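# Structural overview for review
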Amino acid sequence: MAVSKTTNTYNRQNWEDSDFPILCQTCLGDNPYIRMTKEKYGKECKICARPFTVFRWCPGARMRFKKTEICQTCSKLKNVCQTCLLDLEYGLPIQVRDAALKVQDDLPRNEVNKEYYIQNLDSQMSKFDPTQPSNSALKSKGSSDLLLRLARTAPYYKRNRPHVCSFWVKGECRRGEECPYRHEKPTDPDDPLADQNIKDRYYGVNDPVAEKLMRRAAAMPALPPPEDRTVTTLYIGNLPENILEEELRGHFYQYGEIRCLTLVPRAQCAFVQYTTRSAAEHAAEKTFNRLVIAGKRLTIKWGKSQGRQGTNEKSDPQPALEPVPGLPGALPPPPAFLHPFPPQMPPPPNRPNDFFNLHHYGGGWGPWPLHYPSQDPARLGHAHANPPQT
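This text gives an overview of the structure that appears in the document. Only a predicted model underlies this, so the values are computations on that prediction, with no experimental measurement involved. (Residues numbered from 1 in each chain as written. Predicted model: local features only at pLDDT ≥ 70, side-chain atom pairs only at ≥ 80, totals over all residues. Heavy atoms only, no water.)

### A word on the overall build of the protein chain
Selection rule: In DSSP terms, a helix is any run of H or I states spanning at least four residues, a strand is any run of E spanning at least two, and both are numbered starting from the N terminus. Under the scheme applied here, a residue whose accessible area is under 20% of the maximum for its type counts as buried, over 50% as exposed, and between as partly exposed, the area being computed with a 1.4 Å probe on protein chains only. Working rule for contacts: check all heavy atoms of both residues, and any pair within 4.5 Å makes them a contact. Reported accessibility uses the Shrake-Rupley method at a 1.4 Å probe radius. Residues are deemed covered only where the shown protein chains occlude them.
Each helix and strand counted, the protein chain has 14 helices and 11 strands in total. Scored against the burial criterion, the 390 residues of the protein chain give a buried share of 32%. For the protein chain, long-range pairs separated by at least 24 residues make up 59% of all intrachain contacts whose partners lie at least 6 apart in sequence. Taken as a whole, the protein chain presents about 26,300 Å² of accessible surface, with 53% of it coming from carbon and sulfur.

### Looking at the sheet that holds strand S5 (residues 258-264)
Going by this rule: A pair of strands is treated as paired once DSSP finds two or more bridges between them. The angle between two axes is taken between their N-to-C directions and runs from 0 to 180 degrees, where each axis is a line fitted to C-alpha atoms and a helix contributes only its stretch in contact.
With antiparallel pairing, the 4 strands of this open sheet are ordered in space as S5-S6-S4-S9. Each of the sheet's edge strands pairs with one partner strand only, and the pair in question is S5 and strand S9 (299-302). Between one strand and the next, the sheet's axes are offset by a mean angle of 20°, whatever the strand orientation. Taken together, the 6 bridges between S5 and strand S6 (residues 269-274) define a ladder with antiparallel strand orientation. Each residue of the ladder has a partner; that of Val-264, found in S6, is Cys-269. Where helix H11 (residues 245-252) meets the sheet, its contacts fall on strand S4 (233-237), S5, S6 and S9, and the angle it forms with S5 comes to roughly 135°. Across the sheet, helix H12 (residues 277-287) is in contact with S4, S6 and S9; its angle to S9 comes to roughly 150°.

### Things to note about H12
Applicable threshold: Arc definition: directions from the helix axis to the C-beta atoms.
Along H12, the residues classified as buried are Arg-277, Ala-279, Ala-280, Ala-283, Ala-284 and Thr-287. One face of H12 carries all of its buried residues, which in axial projection span an arc of 160°. Exposed side of H12, more than 90 degrees from the buried face: Ser-278 and Glu-285 are the residues found there. For H12, the elements touching its buried residues are S4, H11, S6 and S9. Looking one or two places after H12, you find Asn-289, whose phi comes out positive at around 60°.

### Here's the deal with helix H4 (residues 94-101)
Buried residues dominate H4, accounting for 6 of its 8 residues. When H4 is considered as a whole, its buried residues turn out to be Ile-94, Val-96, Arg-97, Asp-98, Ala-100 and Leu-101. Count one or two residues on from H4 and you reach Lys-102, which has phi positive near 60°.

Function cannot be inferred from these measures alone, as they are strictly geometric.
Structure (structure tokens):
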């Protein structure tokens with residue numbers, strides 16, 4: 001059906017024209033000096049079907065070229081990356097984020113209603129800060145324990161790798177090392193992760209990646225407190241380099257009064273001892289698998305009870321182990337003449353013709369060292385060429 005000039009002009013005024021995309025750190029790449037190609041109205045958004053400015057770039061060496069898939073209006077509506085459609089703050093799928101924050105998706109699915117809703121939302125977003133998400137539910141909700149446990153602390157650049165070479169799979173690739181695609185075995189087609197839909201990820205339904213993360217969160221271990229109530233020390237591992245004691249104390253002082261804090265920079269760990277057991281339990285509950293400093297997730301464990309360890313060693317002796325059959329027995333003791341005589345024993349008589357002539361060697365009486373005729377002590381000028389006279 002033909003579209004009138006007035007309608008076409010009105011719709012064209014709502015098309016997106018931006019100077020820089022909204023991307024996550026993973027999709028942007030590790031190279032700070034990156035070049036992008038910009039194409040005005042080069043593609044339709046896969047969510048709202050409106051033309052938008054398409055950006056294309058290479059995130060790094062031996063990586064595949066990436067481009068924006070949705071417009072910035074849809075990206076701000078869900079606070080997601082324009083390319084991977086993952087949350088910009090936590091790096092998680094929308095389904096996991098909405099389930100953790102208990103956010104209801106009210107975006108219409110009908111094409112006509114969706115276009116009208118997004119056009120009104122686009123006009124409202126021009127009055128607010130463009131760096132903040134337009135969804136009021138995401139603004140009001142804070143962080144969640146589930147999100148803090150599952151959130152990525154560093155970019156995952158492995159996601160930018162090239163696709164698998166289809167010619168190599170069939171054994172027909174002749175490029176060798178010059179091939180820009182991966183020469184690896186493809187994933188199982190029956191794997192749920194091999195069947196991903198961009199619309200399902202955006203709307204947060206039937207996302208296999210989100211379901212995998214939810215199962216991982218359910219299987220995550222907990223940190224139960226020890227039975228000994230006297231233990232008030234927490235072990236802090238995986239500390240970043242050059243961290244100061246004041247900075248670490250500032251993170252843990254909010255949970256209770258600290259008795260002492262011992263920092264071990266060589267082992268990249270620390271020990272935090274609280275004055276009360278309740279403060280230590282509160283700190284362990286709030287920081288286990290959640291505390292991130294300088295991009296590193298810290299390892300939180302309970303300290304060990306020194307008194308209980310000493311009691312167990314005395315009260316519970318180690319059981320005797322059975323000998324292993326087939327092993328050789330103990331070596332016999334060395335001959336008596338190889339050991340020096342004790343100082344309280346009288347020196348033995350000198351017997352020059354004896355093969356084992358004893359002499360004063362090394363602070364005691366021992367055997368006279370054997371030598372060849374060419375190594376006669378008298379010829380070599382040895383200090384003990386003549387045995388001591390008794």
